Structures are given as C-alpha cells and as structure tokens.
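Observations on chain architecture
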Amino acid sequence: MAHTLVIVESPTKARTIRGYLPKDFRVEASMGHVRDLPNNASEIPAAHKGEKWANLGVNTAEQFEPLYVVPKDKKKVVKELKEALKGADQLLLATDEDREGESISWHLQQLLNPKVPVKRMVFHEITKDAIGRALDQTRDLDMELVHAQETRRILDRLVGYTLSPLLWKKVAWGLSAGRVQSVAVRLLVQRERARRAFRSGSYWDLKARLEHDSSGFEARLTHVGGEKIAGGSDFDETTGALKAGSKVRLLEESEARSLRETVLSQPWRVAEVEAKPTTRRPVPPFTTSTLQQEANRKLRLSARDTMRTAQGLYERGFITYMRTDSVHLSDQAINAARSCVKEKYGPDYLSPAPRQFSTKSRNAQEAHEAIRPSGEAFRTPKDTGLDGKDLALYELIWKRTVASQMADARLTMLSVELQVAQATFRASGKRIDFPGFFRAYVEGSDDPDAALEGQEVLLPSLAVDDRPSCAGVEALGHQTQPPARYSEAALVKMLEKEGIGRPSTYASIIGTIVDRGYATLAGNALTPSFTAFAVTALLEGHFPDLVDTSFTARMESSLDEISTGKLQWLPYLTQFYKGEKGLETQVQQREDDIDPTASRTIELEGLPCVVRIGRFGAYLEAKRVGDDGNEELIKATLPQEITPAELDGEQAELILRQKSEGPESIGVDPETGDAIYLLFGQYGPYLQRGQVSDETPKPKRASLPKGVKPDELSLEDALGLLRLPRLLGEHPDGGKVQAGLGRFGPYVVHDKGKGEKDYRSLKAEDDVLLVGLTRALELLAMPKRGRGGRTALRDLGIPEGESESIGVFDGPYGLYVKQGKVNASLPEGTGAEAITLEQAQELLAAKAASGKGKGKTAKTGTTKASATTTKAKAKAKPKAKPKVEGAGKPKIPSTTKTGRPRASAVRIIQAGQG
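How each quantity is defined
- Counting of residues starts from 1 at the beginning of each chain's written sequence and follows it residue by residue.
- It should be noted that, the model being predicted, local features are given only for residues of pLDDT at least 70 and side-chain atom pairs only at 80 or more, the latter also being counted only at that level, while totals for whole chains, interfaces and linings use all residues.
- Heavy atoms from the whole structure form the basis of all side-chain values; hydrogens and water molecules are not counted.
- Burial classification: accessible surface area is computed with a 1.4 Å probe over protein chains only, and a residue below 20% of its type maximum counts as buried, one above 50% as exposed, and the rest as partly exposed.
- Each helix corresponds to a stretch of at least 4 residues labelled H or I by DSSP, and each strand to a stretch of at least 2 residues labelled E; elements are numbered beginning at the N terminus.
- The arc refers to the directions leading from the helix axis to the C-beta atoms.
- By definition in these notes, contact holds between two residues if any of their heavy atoms fall within 4.5 Å.
- Like-charged residues are merged into a patch within 9 Å and nonpolar side chains (Val, Leu, Ile, Met, Phe, Trp, Tyr) within 5 Å, provided each residue has over 30% relative accessible area and no salt bridge.
- Computed with a 1.4 Å probe, the accessible areas rest on the Shrake-Rupley method; for each residue, only the protein chains presented here act as cover.
- Here, a salt bridge means any Lys or Arg side-chain nitrogen found within 4 Å of an Asp or Glu carboxyl oxygen.
- We count Lys and Arg on the positive side and Asp and Glu on the negative side, and we leave His and both chain ends out.
- All charge positions are set by atom: Lys at NZ, Arg at CZ, Asp at CG, Glu at CD.
- Centres within 6.5 Å are what make two rings of Phe, Tyr or Trp a pair, Trp counting through its six-membered ring; a difference in plane orientation under 30 degrees is then read as stacked, over 60 as edge-to-face, and the rest as tilted.
- Throughout, nonpolar core names a set of buried Ala, Val, Leu, Ile, Met, Phe, Trp, Tyr and Cys residues whose side chains join them through atoms within 4.5 Å.
- A pair of strands counts as paired when DSSP detects no fewer than two bridges linking them.
- Orientation is described by axes fitted as lines to C-alpha atoms, over the contacting stretch for helices, and by angles from 0 to 180 degrees between their N-to-C directions.
- Each residue gets a pLDDT score, which is the predictor's confidence in that residue and runs from 0 to 100.

This part takes up helix H17 (residues 569–577). Among the residues of H17, Tyr572, Leu573, Phe576 and Tyr577 are the ones counted as buried. Angularly, the buried residues of H17 cover 110° about the axis, an arc narrow enough to put them on a single face. Taken together, the buried residues of H17 touch helix H5 (143–170), helix H16 (549–563) and helix H18 (583–590). A positive phi of about 85° marks Gly579, the residue just after H17.

For the rest of this paragraph, the subject is a negative patch on the surface. A contiguous patch of negative charge, built from Asp648, Glu650, Asp711 and Glu712, is present on the exposed surface. Inspection of the secondary structure assignment puts Asp648 in the loop between strand S19 (631–637) and helix H20 (649–661).

Moving on, we come to the packing of aromatic side chains. On inspection of all chains with the given rule, the structure shows 13 aromatic pairs. For the ring pair Trp268 and Phe425, a centre distance of 4.7 Å and an interplane angle of 55° mean the geometry is tilted. Here Trp268, found in the loop between helix H7 (253–265) and strand S10 (269–280), pairs with Phe425, found in strand S12 (residues 423–434); they are 157 residues apart in sequence, far enough to count as distant. In this structure Trp268 comes out as buried when scored by relative accessible area, which is 2%. Joined through ring pairs, the aromatic side chains of Tyr345, Tyr349 and Phe434 make up one cluster.

Before going further, it helps to examine the nonpolar core. Counting residues in hydrophobic clusters, the biggest one holds 140 residues, and the most contacted among them are Leu163 and Ile319. Per-element tally for this core: the top contributor is H5, with 11 residues. Counting 26 residues, the second largest nonpolar core, distinct from the first, contains Leu206, Ala208, Ala219 and Phe425.

This paragraph deals with the sheet that holds strand S25 (residues 736–742). Consider a sheet: its strands pair through backbone hydrogen bonds, and that pairing is either parallel or antiparallel. Spatially, the 4 strands line up as an open sheet ordered S24-S25-S26-S27, and their pairing is antiparallel. Each having just a single partner strand, strand S24 (726–730) and strand S27 (756–761) make up the two edges of the open sheet. When the angles between neighbouring strand axes are averaged without regard to direction, this sheet yields 30°. Alignment of S24 against S25, held across 4 bridges, turns out to be antiparallel. What sits directly across from Arg726, in S25, is Ala739.

Read from one edge to the other, the open sheet built from 4 strands follows the order S2-S1-S5-S6, with strand pairing classed as parallel. This sheet does not close on itself; its edge strands, each paired only once, are strand S2 (25–29) and strand S6 (118–120). Along the sheet, successive strands turn relative to each other by an average axial angle of 25°, direction set aside. Here strand S1 (residues 3–8) pairs with strand S5 (residues 88–93) via 5 bridges, running parallel. What sits directly across from Thr4, in S5, is Gln90.

On to the pattern of salt bridges, then. One pass over the full model with this rule turns up 51 salt bridges. As a salt-bridge pair, Asp465 and Arg269 come within 2.9 Å of each other at their nearest N and O atoms. Of this pair, Asp465 sits in the loop between helix H12 (448–455) and strand S13 (469–479) while Arg269 sits in strand S10, and the two are 196 residues apart along the sequence. The partner of Asp325 in a salt bridge is Arg502, and the shortest N-O contact between them spans 2.3 Å. Note that Asp325 is positioned in the loop between helix H9 (303–315) and helix H10 (331–345) and Arg502 in the loop between helix H13 (488–498) and helix H14 (506–515), a separation of 177 residues in sequence. Connected via shared salt-bridge partners are Glu9, Lys13, Asp96 and Arg323.

Residue Leu724 is joined to Pro725 through a cis peptide bond whose omega torsion reads 0°. Counting through the fold element by element, Pro725 comes out in the loop between helix H21 (715–722) and S24. Even without being glycine, Met31 reaches a positive phi, approximately 60°. When you line up the elements, Met31 lands in the loop between S2 and strand S3 (58–59). We note that Arg300 has phi near 60°; this positive angle belongs to a residue other than glycine. Relative to the helices and strands, Arg300 resides in the loop between helix H8 (288–299) and H9. Residue classification places Arg300 among the exposed residues on the basis of a relative accessible area of 58%.

Once that is clear, we can look at the confidence of the model for the protein. Considering every residue of the protein, the mean pLDDT works out to 85; 88% of them sit at 70 or more. Contacts from residues 852–914, a stretch scored under 50 in pLDDT, to residues over four places away or in other chains number 186 contacts.

What follows is the structure, given as structure tokens:
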C-alpha cells in the first residue's frame, strides 16, 4: 500500500508528529546526521585512500569538494530508511527549520536518491494546527541555506585540521583548535590575565543607621567638605591607586574613624528629598542565547543541559523550536499570552496594546518565533505533567512569554541627602507603585513574589529640614575586586554580543572547552587552564586573526550572506584558505618560526619561575644555585587541581623547595616515630608517613579530602587521615562498619565478609574523621545510587536469559544506557522515553563488541585503559585526526599518557557546530 514517508531527526519527534498526520503517512527518524566528513582513516573509502587530501576530507584542489561518508553507526539507519522509501509515493523531509536542518534534509535526499516527489516540510512547533499548515505549505530545499551550512562545516574542518596538528607539535599532543572554540578560550584567558594583573585598592567610608517617626533606614557617606569620597570605580585596576586626574578624596582608616566620632555627636538634617517616578517594561521573550543565560542564572543549568532539556520539550510538543535568534511572537502566541494574563492576574495587569519585539542581535538569522509555549492556548506549568528540569525550564519559558504581554511596572525612586557637620550622606530607596509584569517574571530571580519584596527599599516620609536621630555609625573598610570570571551565562552573552558563532552552538562550544581541559567549571565560573594560556599565546602571536573577535564576527557575517545569496561560497573559501594570505600558506610559512620550547612556556607575573607544558601536564621550572655553588635546573610537577588563577609566588616557592630540598615534616606520629610529610603530587596534595626506602618502598599515604586546605591541616587531622580506614563498630546484620577515604571521596562501608562490601559516600556535612556508627548505619540504609549520585531515569527491565537490568541514565555527556559495567551512549535525538529494551541491548552489544564498554564509570563514561597500553599506542605514533569543533565524532584518546581517563574521551562534537 502506497504511503507518504516523513523523515525527522529523532524518535521522540517522530512519535509526537505521528499523532497529527493522516493514517497513510509513515514517520521515520534519521537519528541526526546520516553522513559527514570522515573522522578517521578507517572511514575513508578505498578509492580515496591514497589521496593526500583524504584525511582532511575536503579536496581543496578541486573546488573544495567535500568527501562525505556514512559513519558505521548510521549504516543501519540508512538501510532502514531506504527500505521505508520503497513503498512510498512521496517523501517529505521534515528536519528542523534552520541551516543545519536544511543540510540534513539535503544529505538525506542525496543519500536516498528517491525516485518519487520530494518536498521540504517545515514547522517551528509540533501541534495539530502547525503540522496541518506545514503539510499545506511544503516547499523545495533551500540550497542557499545548504551552501551556508556546508561552507560552515568545511570552514570548521579546514581550521581545525590545519591548526590542531601544529598545536600537537608545538605545545602538546592531542590538543585541538577551532574557529569559534579558540576565540572563546581566548576570552577566558584575557579575563584571567586581567585578574592576575589586577591590583587591589583600599578605601574607607561610613554607614549610618538613622531613625525617623519610629522607622529605621540606612545612609552612606558621599562627600566630606564638599569633596566626593572615593569608591571602587575610582581606582586603577593595574596599580591599585586612584586613577590619574580623579577629583575624589581617599578616606584613610584613621580619618574614617575620626569622622565617625564627629557625626555621632552632631545633629543630622535632611538637606534634599527627591522622588522620581519611573517605569520598567518587560523583557522580550526568549531566544536561544537569552534562554541559556537565564537558565544558567536561575536554574543553574549548563548551556548543554538547557539545550538538551529544551530539545525534549520541543520534540514532545510543549514549546516552539528552541534554536532561534528571533524575539518575534505570532498573533496566535500574543493572543494566548494575553489570555493567560487575564485569567491569572486580571485585566489590570494586561498591557494596553499587544506588545511586539524586534530582534537586535548581530547576525540574527533562523527567523522563526521566539521560544514560547506551543499552541494557541498555553498550558500552565502545573497542567503539563512535567517534573524536574523539564518543568523548571518550561515554567521559565511560560513566565517570560506571559510577562511580555503584561503592563509596565511603575516605581518611584527615592533619594534623600542628609547633612551632618562637614559630611554629606545619601539614603536611597525604591517603592513599587504597581508591580505590573513583576507579578509573573523578574529577570535573574526564580521567585517573582520574593523578588518583589526584595525590589522595594522603603524610606520613611521625610521632608527638607527634618531631624532624624542617629542610632549608630560604622566605619567600613573596602578592597576593590578584580573583574569576575566568566560564568556560562556571561560567556554566552559576550559571544552573542560580539557576533561570534551561532547561539545554537554555544552549548557545544562551552562543553568542548571544558571537556578538552581548556577550562574548569567550578561554582559556575569558567577558569582557564595552563594549556589554555599556552595555546592562546601561540595563536595570538602567529595567527592573530583567528582569535580576533572582530575577524571571527566578520566570518559569521559572511556565512550569513552566503545563506541569503549575497555572497558565493566557493570564492569565499578560496580566499580564506588559499593564496598568499590564506590559512594554508600562513601555517606552512610560520611553522618553522614557532619555537616549541617558547610555545610550551607560560610566564605569569609574580612567579619566581616559569610554567611549562609537558607530556604529563604543567610543571614549574627554575634555576637554583646548589650547595656546591653550581647552578642547576629544578623541575617540579604542578598538581592538576592548581590553575593559573591560584598559582602565586609563595606556593610556587614551596613546591620548588620541596622538590630541591625534600619535604618538611609537619610532625611525628607518636605510635611509630615516623615523620609526617605534606607533599604535592600531580593529582594534588597528600600526606605521607615516613620516607621511601628499601625497607619501606611504599610508605602509608593519604589524599586530602576535597575542600581541606594544606596550610590549615593540623597534625591531629593528618594522623587521623593516615589511619583510615577506621573501625566504627559492628553492623546489626553482622560484619564490621568502617569509614575511609577513597578515589571518589570519603565513604562508609559495610564489610559483609567473603569479599562482599556495601559502600555509601559521605554527605558534605559529614566528617570522615568524626562520623560515628549511628550515622554510618543511617547512610547504609539509604538506597544505593550510581556514582555521581545518579539514579536511573528509566528501568528498561532484565533481558530474557540475563541477570542484570538495563537502565537509562543522564550523565554529563548526555543520555546513556547501562547494564552492569557496560555503558552505551544514546544516539543523538533519542530521548529517555523513546529507547526500547531491544534498542538498548543492541547499543550495549555494539559497545561491548568494540571493547570500549567495560570498566566504565557512570560518572565519566570513560574507559579505564592501562598506562602500558597507552604508552604502546604513543610509541607507535598513530596518525590520529585533529579534534575540532564541528568534526563529527573525533577519535580522542581514551586515556592520558599516564593511563588516567581523559575527560574528553567521550565528548562527541556534532556536525555543523561552530
């Protein structure tokens, strides 16, 4: 029976859309991209094996013709799609309505080579009405969009595969460069340089507590004798002194304390009162970028988590398409939002006329609608049946969309100037006269009601010449603070402001930076590594355009012009890569000029040595005069946890001295008489009892628990850590209970005998040296969770004939299935609800067969390869491929040269990112 075949990207999207199509329509999923440039030599077809350009995947001598191949994991999908096409009388390509979606549709058409009519079906929300309209308004493929995406893909490959090998030779093996990735890393490094160069300034001021008509309020010192008092913005960040030409008075501590005594004893008078009415308009509905920023600020979701969650909401029909630069709302959306306002808040809270917003971001494209709840009537968050991250993100989108059609908030800004002796103080306040859209949404706050209370700073009713009484005055000292590190939200905002990359790729860019060791993410702050400093310095010195924000933004503009037909893709690629100033020529000319030793060297201000990048990570290097009077070179490994931000001169001296003179004892163990040493190793500080000797080749050692600072460690605590594990008592069911410190942190364990042990991690509030039997039994009674605290999103059951169940988990690199010790990532676009037991078995069997599934942890999903195996591979010097944004699924070594799991081993970079 003839049917219409519809192809979408994911099973979840396929299942949702199927319910809105006629019965003679068949919907299949391509599971993302079906072909891409080759990622390794094994993927290169035999006909091209001998070609020099084959490894690059782009024939630069023949009009930049790309070599597309079907990856192994997509061959079965392609076969199934071809089978589904056999009985079809029409093919509808219904991939996402953006450049990448257009490219996927084009690849499908090229690969399937259909003999039936082919049309493009596009929609930006999955609802019955939207699907109906899309069926009536099919179109042909937009080849200008395809060319723009393919140009972006080729451009990313040219940059990555040309520069990455250079970094391997000049800095360290396995590094990567990327057209957007490298610019983002440079932004982090520039901010960290500014923080290191920052010099703190100190200043003093006064804060008074005043009362009038039984109401209290605070006032701050602003002037003394008519001179403005210095504040934080008046200091030079590079010197810590007042800026040249500043006409302000710097208050020293002694002056502040003297002035405090004066104003306490003098009468206070209100010199001026000002009340200024103002209004606040609601912010536009979400774009991809603003959603990532606000979800990071309010929900603490990473950009990657935000996009993954939004993708699921879109595919299940809850929100409109989540990759968009547009803040435009359709008439349907405006009417739906205004209905929500009337029903929930009343007509007084409705804006007088429908609000429409215009897009102002640079290089805006993907012009659909803003991200909003789908449909002609918005479901309230409580009516969705969602929970967890899905509910939190949907509620955020719902609130922001509804708030966009609400009335302005009306406020009165209050300011009171007070005079006492020669000093002038100012009290500021704010009164909300009408909350308007604040009732639904306050940017940066996830609780509008609490935010409303926090917004108001009320002052008592004051008039000129009133005499408030002084309840107290404090003299306060201040230190100016360095510029803050980038959070994910701040970095996304900066990339969008500078016109770098596409908002839809920001999540993968940040993920790549963290996965590949260019930055660490702690406390929502991105801190660049020593490697980031070295790579950035090399690129700045020899390829400045490629890390210049303006140059990269112009590239984005060019790609946008290709998508609209204003610029031809082939001449653009030719100009970028070939010719006297092309990238290929630049790399060839400059490679010999780049000194590897200089490229691996990082000079940081305030250090008595240099930092170098070595085979096993960063290390310190300094020249010291030995006891014999001769100069010697001292090298000392830096602990992995130390970043450029944390390394100061005192710490560097300590590490170098320990290396050259040996460690200093922090005390003696009274039980053994051995000295206790605090040492610094590659993986951080640790304790050691006694010295290494022939009699004691492996002295007792213990790592410091997370959060314990070496300089605050007491001898008593050191002895306690070295005596772990410690016996807590007997378990009611038999066996002993102990507390210890292991690879994954402090724990308690029930030793049941015969090698059977039951572990539980200690919570943040527990102290491994103080935890008792009662608390240990309480923890052991809790359900066991996976490493990283993960529990299965779904239990798929136990396959027939097997003993272990298969679960679906959400890890830092996406969804995966797990059975025993074997993990397998879910294909792109497959949701937790879509995967079946049979599909999970196939994925796990394929992973087990590849030899990469065993010994993986739920936390990292990385393979535990031995150091021996890794060294053998290193010795063979395989021709590995560069790892570059937009390079599909690069072959990344699963371990470092020390045999430790490499975080980037499982990172998959999807095609078209950059």
